[in-house]
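Structural characterization, general
Spelled out, the chains give:
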Amino acid sequence: MADFEAVLDALYNAVLDGNAPAAKKLTQELIDGGAAVETILYDAMIPGMNEVGRLFEQGEYFVPEMLVSANAMKGGMELLQPLLELSDVKPIAKVVMGTVRGDVHDIGKNLAIMMMKGAGFQVIDLGVNVPPEKFIEAASDGAAIVGMSALLTTTMPNMKVTIDAFTAAGLRDRVKIIVGGAPVTEEFAIEIGADGYGANANQAVTVAKTLLGVPV
Ligand code: B12
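Thresholds applied
Residues numbered from 1 in each chain as written. Predicted model: local features only at pLDDT ≥ 70, side-chain atom pairs only at ≥ 80, totals over all residues. Heavy atoms only, no water. Domains from an automatic or database assignment. Contact = heavy atoms within 4.5 Å. Buried area = accessible area lost by both parts, 1.4 Å probe. Salt bridge = Lys/Arg side-chain N within 4 Å of Asp/Glu carboxyl O. Helix = DSSP H or I, 4+ residues; strand = E, 2+ residues; numbered from the N terminus. Buried < 20%, exposed > 50% of the residue type's maximum accessible area, 1.4 Å probe, protein only. Lys, Arg positive; Asp, Glu negative; His and termini not counted. Polar contact = N/O pair within 3.5 Å; in protein donor to acceptor, adjacent residues only side chain to side chain.

Here the focus is the domain arrangement of the chain. When the parts of a complex come together, some accessible area is lost, and that lost area is often used as the size of the interface. With domains assigned, the chain is organised as domain 1 (4-84) and domain 2 (94-212). Placing a centre on the C-alpha atoms of domain 1 and another on those of domain 2 gives a separation of 25 Å. The interface of domain 1 with domain 2 comprises 13 residues on the first partner and 11 residues on the second. Of the roughly 1000 Å² buried between domain 1 and domain 2, counting both surfaces, carbon and sulfur atoms make up 71%. It is Tyr-42, Met-77 and Leu-84 that lose the most area in domain 1 upon contact with domain 2, and together they represent 47% of the buried surface on that side. Run the count over domain 1 and domain 2 and you get 1 salt bridge. Between Asp-106 and Lys-74 there is a salt bridge, with its nearest N and O atoms 3.0 Å apart.

Attention now moves to the side chain of Asp-103. Examined against the element boundaries, Asp-103 turns out to sit in the loop between strand 1 (94-99) and helix 5 (107-118). Lys-109 is the oppositely charged side chain nearest to the buried, salt-bridge-free Asp-103, at an N-O distance of 10 Å. Side-chain polar atoms of Asp-103 contact the backbone nitrogen of Leu-151, separated by 2.8 Å. Those residues in contact with Asp-103, other than ones at most four positions away along the chain, are Val-128, Asn-129, Ala-150, Leu-151, Leu-152 and Thr-155.

Following this line, the structure appears as structure tokens:
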């Protein structure tokens, strides 16, 4: 294989250009060459998406461009998923994850889920635009952790709405609630009464394990 750096660079550009076939091909090339999942994600795909966000903010990219980039990244991610799956291992705990109501961004949530599954959690993915009732219903069936993702400043408040709904339903003490997503911060997490915050998909794992008293 051509040197790693050049392929990572090409993958970054494939995400940036929304070139799904190239993103898949290059991801496969990196996997075959022995690149670590983290390297593929954090040194190519995620920086690519961040650049897409910057271009959108500057008015150079519009929603359709964001969408094709997201699809290109998702195609690559699908190839990474099987590498993280553990078989025949008793799950550490059940986790319910979703993107909050009003928000359809799911790449970060899906990454967090991938990492959590890889670390041995059983994860129920509720998808996007998830109302509080749906989080509550899914969590009532033995979940230890509820994870919420939000990418919009306008949907972040729905994390608090969901936490308050857990309290109102008398279930707040039964689950640990963790939050994440680009605009979410540790301070915000504390302010809304979440139990934990993760800045990235790896931290989703460490924060969940720490909250459950499982060695990290
Ligand atoms: C791709 C994208 C889209 C795609 C989403 C496709 C998809 N399937 O997800 C589409 C085109 C649909 C879209 C739509 C919109 N988008 Co958009 N989008 C983005 C973009 C470019 C990338 C997001 C992304 O995937 N990042 C990569 C992932 C890996 O990062 P991440 O989500 O932060 O996740 C990481 C961590 O945060 C953490 N994490 C995430 N979730 C969780 C959960 C837990 C529990 C934990 C512990 C950790 C964790 O782990 C992840 C991995 O490290 C961002 C720009 C950006 N840089 O964020 C804008 C951005 C989020 N979008 C934006 C906007 C404005 C919109 C629209 C309103 C545009 C419009 N006019 O219609 C709509 C809103 C639609 C809606 N109702 O949700 C703005 C938000 C601004 C704001 N202040 O709120 C941004 C920031 C762009 C910008 N710079 O202006 N978007």
